[in-house]
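# Summary of structural features
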Protein chains: 2
Amino acid sequence: MDLSPVAEDYLKAIYHLEDEYGRSVRTTEISEELDVTSPTVTSMLDSLDERGLVDYTPYQGVELTDRGEEIVLQLVRNHRLLETFLMEYLDYSWSTVHDEADRLEHHVSDEFTRRLARFLGEPATDPHGDPIPDADLRMPDESPYTPLTEYEPGDNVTVEQVPHRDPDVREYLSQHRIGPGTRLVVDEVSPIDLVTVVPSSTDTSVALPTHVARRIGARAVTK
Amino acid sequence: MDLSPVAEDYLKAIYHLEDEYGRSVRTTEISEELDVTSPTVTSMLDSLDERGLVDYTPYQGVELTDRGEEIVLQLVRNHRLLETFLMEYLDYSWSTVHDEADRLEHHVSDEFTRRLARFLGEPATDPHGDPIPDADLRMPDESPYTPLTEYEPGDNVTVEQVPHRDPDVREYLSQHRIGPGTRLVVDEVSPIDLVTVVPSSTDTSVALPTHVARRIGARAVTK
DNA sequence: AGATGGATTTAGACCAGGCTAATTATTCTC
DNA sequence: GAGAATAATTAGCCTGGTCTAAATCCATCT
């Protein structure tokens, strides 16, 4: 299967949207995710369906087939290993590493990834705390971290996993010094979709909407 | 300047052909180098000329402008640093490293290359013995190695630089165990465009056409 | 110097991936 | 259950990079 980077990006988008909403994905969602118009999406879905990479029912939605998911998992593996390399050896910061990996993931060979994984010591998670699929593209079990939304006010935790695909979220967290390794105290978990936390490095309260806090994985600090 | 990998490949081809023949480059030469038809080359030359990257005179030939050359030098820098990384850290062999680097060179950012160069210790040559342009894209001085064609029968030398862009040449040399670091004795330098050598590892005589031998750089072994 | 052959360009077509405008499905609301 | 609103698709066009077939340039050779 010889797939263009563009087609691969559509598969990735479908994968992430399926994951986010737990259901089949609609045309508009993809068009927003990739910043293209919906007719463009429709025609790409036709073509991906023909190639057996998605199941697409016009007007109803689209899902990845097993073959489509396999391609995405290889990309995820490429991406997370590249991020690990970029941060550990080239001193990229966690908030800048994504774009570089997002380009390169489409262009490295399987051979490269195999060798890079060995060089890095076959890591199971990347520096954002996200799991790395193994060479057979099996995704490791669910992450052992607890979402920030599950903690109580006063809890003292270490951030282990941060959402970083959305540039706005990434920028916000980075600006407020919240990243992998950050120690913080949960201040308030409000019913109006808000969590406030105090990073121990700054002592300034930071507000987080629930959809962000839910994706921040943390470990309780054992005093 | 936002250039497609395809356009970059045309610039590279022109660069290498100018270098090889020391004159402006003809359409057919490019079409053979890149394995596309000549009308395709003509239309790309029009487009590169419009963008100020080449000087193209229909029916006469084409040369790189300074801006075109700058782009190529950045690609050469990317390529040679990538090759260095792939061989030194990921254990690629000198004969397999080219293709991976040839794809990636188009997709790494300048930031990546800067950081990779630092990680590698700002090397001045790659593992094939080819010079790496510095951060300001200045190519280091001519290589200190002497072409195999300049030696006399009986001379004992170490190979330091091997041509590796042409897959057939690469395959031939690799098959006959001639690569960077190979010790060999020059057997015969024939006037009919042939040099024969005996690698010390095999004791079998290997014939090399002059156009290949001329591109193999070697250093005399001081006994 | 003119004819001929090889190199080159022009003409016209195709595909991938994008767009806008118009049409058609679906869903929501009363 | 019928219209209105929204979502999705179809129609038609564009650009970059490719092709084949046809026309044209140019160098050479008698």
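Check the entry above for the structure.
What comes next is a walk through the structure. (Residues numbered from 1 in each chain as written. Chains lettered and ligands numbered in written order. Predicted model: local features only at pLDDT ≥ 70, side-chain atom pairs only at ≥ 80, totals over all residues. Heavy atoms only, no water.)

### Some thoughts on helix α5 (residues 97-104) of chain B
Turning to α5 of chain B, its buried residues are Val97, His98, Glu100, Ala101 and Leu104 of chain B. With its buried residues spanning 165° around the axis, α5 of chain B presents them on a single face. Against the buried residues of α5 of chain B lie α5 (97-104) and α6 (110-120) of chain A together with α4 (66-90) and α7 (167-175) of chain B. (Buried < 20%, exposed > 50% of the residue type's maximum accessible area, 1.4 Å probe, protein only. Helix = DSSP H or I, 4+ residues; strand = E, 2+ residues; numbered from the N terminus. Arc of directions from axis to C-beta. Contact = heavy atoms within 4.5 Å.)

### Digging into the sheet that holds strand β4 (residues 156-161) of chain A
Paired through their backbone hydrogen bonds, the strands of a sheet run either parallel or antiparallel. The six strands lie next to each other as β3-β8-β4-β5-β6-β7 (chain A), forming an open sheet whose pairing is antiparallel. Strand pairing shows two members of the sheet lacking a second neighbour, β3 (146-147) and β7 (206-209) of chain A, which therefore form its edges. (Pairing = 2+ DSSP bridges.)

### Thoughts on a negative patch on the surface
Residue and element names in this part refer to chain A. The grouping of Asp46, Asp49, Glu50, Asp55 and Glu63 at the surface amounts to a negative patch. When residues in the negative patch are grouped by element, the largest group, three residues, is from helix α3 (residues 38-50). Inspection of the secondary structure puts Glu63 in strand β2 (residues 61-64). (Patch = residues over 30% accessible without salt bridge, like charges linked within 9 Å, V, L, I, M, F, W, Y side chains within 5 Å. Areas by Shrake-Rupley, 256 points an atom, 1.4 Å probe, with all protein chains shown as cover. Salt bridge = Lys/Arg side-chain N within 4 Å of Asp/Glu carboxyl O. Lys, Arg positive; Asp, Glu negative; His and termini not counted. Charge placed at Lys NZ, Arg CZ, Asp CG, Glu CD.)

### Some thoughts on the protein's contact with DNA strand C
Inspection of the region around DNA strand C gives 19 residues, with Ser4 and Thr40 of chain A together with Thr28, Thr42 and Tyr56 of chain B positioned closest. Backbone sugar and phosphate groups make up 82% of those atoms of DNA strand C lying within 4 Å of the protein. Contact distances for DNA strand C include 2.5 Å between a phosphate oxygen and a side-chain N or O atom of Ser4 of chain A. A distance of 2.7 Å separates a phosphate oxygen of DNA strand C from a polar side-chain atom of Thr42 of chain B. (Near = heavy atom within 4 Å. Polar contact = N/O pair within 3.5 Å; in protein donor to acceptor, adjacent residues only side chain to side chain.)

### Comments concerning unusual backbone geometry
Residues and elements named next belong to chain A. Unusually for a residue other than glycine, Leu137 sits at a positive phi of about 65°. In this structure, Leu137 sits in the loop between α6 and β3. A positive phi angle, near 60°, is found at Arg177, a position not held by glycine.

### Quick look at the packing of helix α4 (residues 66-90) of chain A against α6 of chain A
All names here are of chain A. Viewed as axis vectors pointing N to C, α4 and α6 meet at an angle of 45°, and their least axial separation amounts to 10 Å. Classed by the angle they form, the pair α4 and α6 counts as oblique. Seen along the crossing, α4 lies across α6 with a hand that is left-handed. The segment α4 lies against α6, with Gln74, Arg77, Asn78, Leu81, Leu82, Thr84, Phe85, Glu88 and Tyr89 engaging Asp110, Phe112, Thr113, Arg114, Leu116, Ala117, Phe119 and Leu120. A per-class count over the contact of α4 with α6 returns nine nonpolar, four polar and four charged. (Axes fitted to C-alpha atoms, helices over the stretch in contact; angles between N-to-C directions. Parallel < 35°, antiparallel > 145°, perpendicular 65-115°, else oblique. Left-handed = near helix turned anticlockwise from the far one by under 90°. Nonpolar A, V, L, I, M, F, W, Y, C, P; charged D, E, K, R; others polar.)

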